[in-house]
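Working through the structure, step by step
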Amino acid sequence: MSASIVLSKLSAATSDGRALFSDIDLRFDAERTGLVGRNGVGKSTLLRLIAGELQPAAGRVAVTGCWGWLRQAVQVGPGETVADLFGLREALGVLRRAEAGRASVEDLAVADWTLPARLQAALARAGLSVSPETLLSQLSGGQRTRVAVAALVFAEPDFLLLDEPTNNLDREGRGAILELLEGWRAGALVISHDRELLEAMDAIVELSALGVARYGGNWSHYSETRVRELAAAERGLADAHKQARDAARSAQLSAERKARRDSAGRRKRARGDMPQSWLDGQKDRSERSSAGGARLAEDRGAQAADAVAAARDKLEVIQPFTVALSSTGLPAGRAVLQLDSVVAGYVPGQPALQKLSLSVVGPERVAITGPNGCGKSTALSLIAGRLRPWAGEVRVFTPFALLDQRVDLLEPAATVLANFRRLNPEADDNAGRAALARFRFRGEAAEQSVASLSGGQVLRAGLACVLGGSEPPPLLLLDEPTNHLDLESIEAVEAGLRAYDGALVVVSHDTAFLEAIGITRTLALAPPD
């Protein structure tokens, strides 16, 4: 029997009972499928249901074959090594004992002498050259992700379940994951916002408030189809509004005709030239007709209103949102920041940055790039004053905001609105809600605690709190700002940052994003010696 994943009438909800999706019927076979959708719609939950980590609210999941799962963050325990992530500590230990002449008969019976070569080949396929004994804690987040992917491929599952596999990866790492998936001939279900990676998919499945939809083909084909769907949704909303106007006009005309008939009846009664029985009969028929007409008009009006609401909801799901920013007023010639021959790090004697110099004047847009572990986030920590330099000087001349990968500026226990009010004390409740609505935190969504949000929603909330105030800071420090954001949110953030008139210092591996926001200069860091 061929491997497959079948979802039947599948429904899921959050821990507090909020429905995520319902009655999903879907089948995944031996093809590469990209799973896309807005933040918080339930993509990671769907993978957890397939993996058996969660139980559905209703429906069932049937998996034929075996799967391997890559979570968004690779958890590292004390003393864990690359071999542990592969599950090969004991198997490699057998070979070491055999090489040292200390192997038992049982050891020799299970020894697999091809194991080291196969392990190194799997690591090389992910673009890595590390020993099995390397501690995972010594690797960057991106390197750990690549080791985890290599371990999955080594196990040769029927399905790969990958949750944002290219987050935190440098260009080399992204290229390795892309090459791996391009050559993968079994099944793969990939949650990703990486447009380049999604181009390698055989199909795109979109999860939304409207349900689930499958699109054959890659990201480009999906995007083209969505443009057509958006146009159709806009036409549908226009048609629904026309029907509502027609229904209202029809009801108005009926009311006017009734008023004329009633007026005529009152005049005849006043003249007294018609028999009373005839007048009473006419009155009864008129009242019955009027009641029936009123009910018909009411039903038509309700149907038209429902059609408008349904069309608007569909358009809301399909239509990307936009971000509008207030001006920072940063003059073109004003000094923003200056780093002079800075040396810094976290471990004494092991500098993460050496002799780093950077000058930003006016609304420049600087990208800090380089491989994982070269000190990009460290540079932002220096500018933000979170880390003191060992040598050299760091000077920042304007107010700034740092949005790091963990979005530490938000208090997890507080609501999105409370965080906005704390970070923008000049804003009242109405102004805060209006600003958050532009980032799709409308109504009750603004009352959610940050701790209850998905990773992408947390980042979107951080962007809303930093960018949505009446006076955005003249300097923004952004560390991988597109990680975990859904694709429509990325496009909206791109539009917002293009409109931002302050200075930007951005750490990102997303080349398409950097091009879209108009980066004017790139500072490429090399890994430390």
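Cut-off values and rules
- Residues numbered from 1 in each chain as written.
- Predicted model: local features only at pLDDT ≥ 70, side-chain atom pairs only at ≥ 80, totals over all residues.
- Heavy atoms only, no water.
- Pairing = 2+ DSSP bridges.
- Helix = DSSP H or I, 4+ residues; strand = E, 2+ residues; numbered from the N terminus.
- Axes fitted to C-alpha atoms, helices over the stretch in contact; angles between N-to-C directions.
- Salt bridge = Lys/Arg side-chain N within 4 Å of Asp/Glu carboxyl O.
- Buried < 20%, exposed > 50% of the residue type's maximum accessible area, 1.4 Å probe, protein only.
- Parallel < 35°, antiparallel > 145°, perpendicular 65-115°, else oblique.
- Left-handed = near helix turned anticlockwise from the far one by under 90°.
- Contact = heavy atoms within 4.5 Å.
- Nonpolar A, V, L, I, M, F, W, Y, C, P; charged D, E, K, R; others polar.

1. Quick notes on the sheet that holds strand β4 (residues 58–64)
Across the sheet, which stays open at both edges, the three strands sit in the order β2-β1-β4 with antiparallel pairing between neighbours. Every interior strand has two partners, whereas the edge strands, β2 (19–28) and β4, have only one. In this sheet, adjacent strand axes meet at a mean angle of 15° when their direction is disregarded. Looking at chain direction, strand β1 (residues 4–13) and β4 are connected through six bridges and run antiparallel.

2. Here's the deal with the pattern of salt bridges
Throughout the structure, instances matching the rule amount to 21 salt bridges. Here R214 and E31 are joined by a salt bridge, their closest N and O atoms 2.6 Å apart. Pair noted here: R214 is in strand β9 (residues 211–216) and E31 is in the loop between β2 and β3 (32–36), with a separation of 183 residues, a long-range link. A relative accessible area of 43% means that R214 is categorised as partly exposed. Between E393 and R395 there is a salt bridge, and its shortest N-O distance comes to 3.9 Å. Among the residues examined, R395 registers a relative accessible area of 35% and is labelled partly exposed. Within this structure, R421, D429, R433 and E447 form a network of salt bridges that share partners.

3. A word on the packing of helix α6 (residues 141–154) against helix α7 (residues 171–182)
Interhelical geometry of α6 versus α7 gives an angle of 15° and a closest axis separation of 11 Å. Overall, the two elements α6 and α7 adopt an arrangement that is roughly parallel. As for how α6 packs across α7, the hand of that crossing is left-handed. Seen from α6, the contacting residues are R146, V149 and V153; seen from α7, they are E172, G173, I177 and L180.

4. Some remarks on the packing of helix α12 (residues 416–423) against helix α13 (residues 429–437)
The axes of two packed helices give the description: the angle between them and the distance between them. Close contact between α12 and α13 brings their axes to 10 Å; oriented N to C, the two are set at 115°. Taken together, α12 and α13 sit at an angle that is classed as roughly perpendicular. The hand of the α12/α13 crossing is right-handed. On α13, the residues touching V416, L417, F420 and R421 of α12 are D429, G432, R433, A435 and L436. Residues of the contact of α12 with α13, tallied by class, amount to five nonpolar, one polar and three charged.

5. A few points about the sheet that holds strand β16 (residues 503–507)
Pairing within the open sheet is parallel, and its five strands lie in the order β14-β15-β16-β12-β17. Lying at the two open borders of the sheet, with one neighbouring strand each, are β14 (400–403) and β17 (521–524). In this sheet, adjacent strand axes meet at a mean angle of 15° when their direction is disregarded. Relative to β16, strand β15 (residues 475–479) is paired through five bridges, and the arrangement is parallel. Bridge assignment links L475 to a residue of β16, and that residue is A503. Packing against the sheet, helix α14 (residues 455–467) makes contact with β14 and β15, and its axis sits at approximately 180° to β14.

6. Focus: unusual backbone geometry
The backbone of E164 shows a phi angle near 55°, a positive value even though the residue is not glycine. Relative to the assigned elements, E164 resides in the loop between β6 (159–163) and α7. E164 gets classed as buried once you look at its relative accessible area, which sits at 4%.

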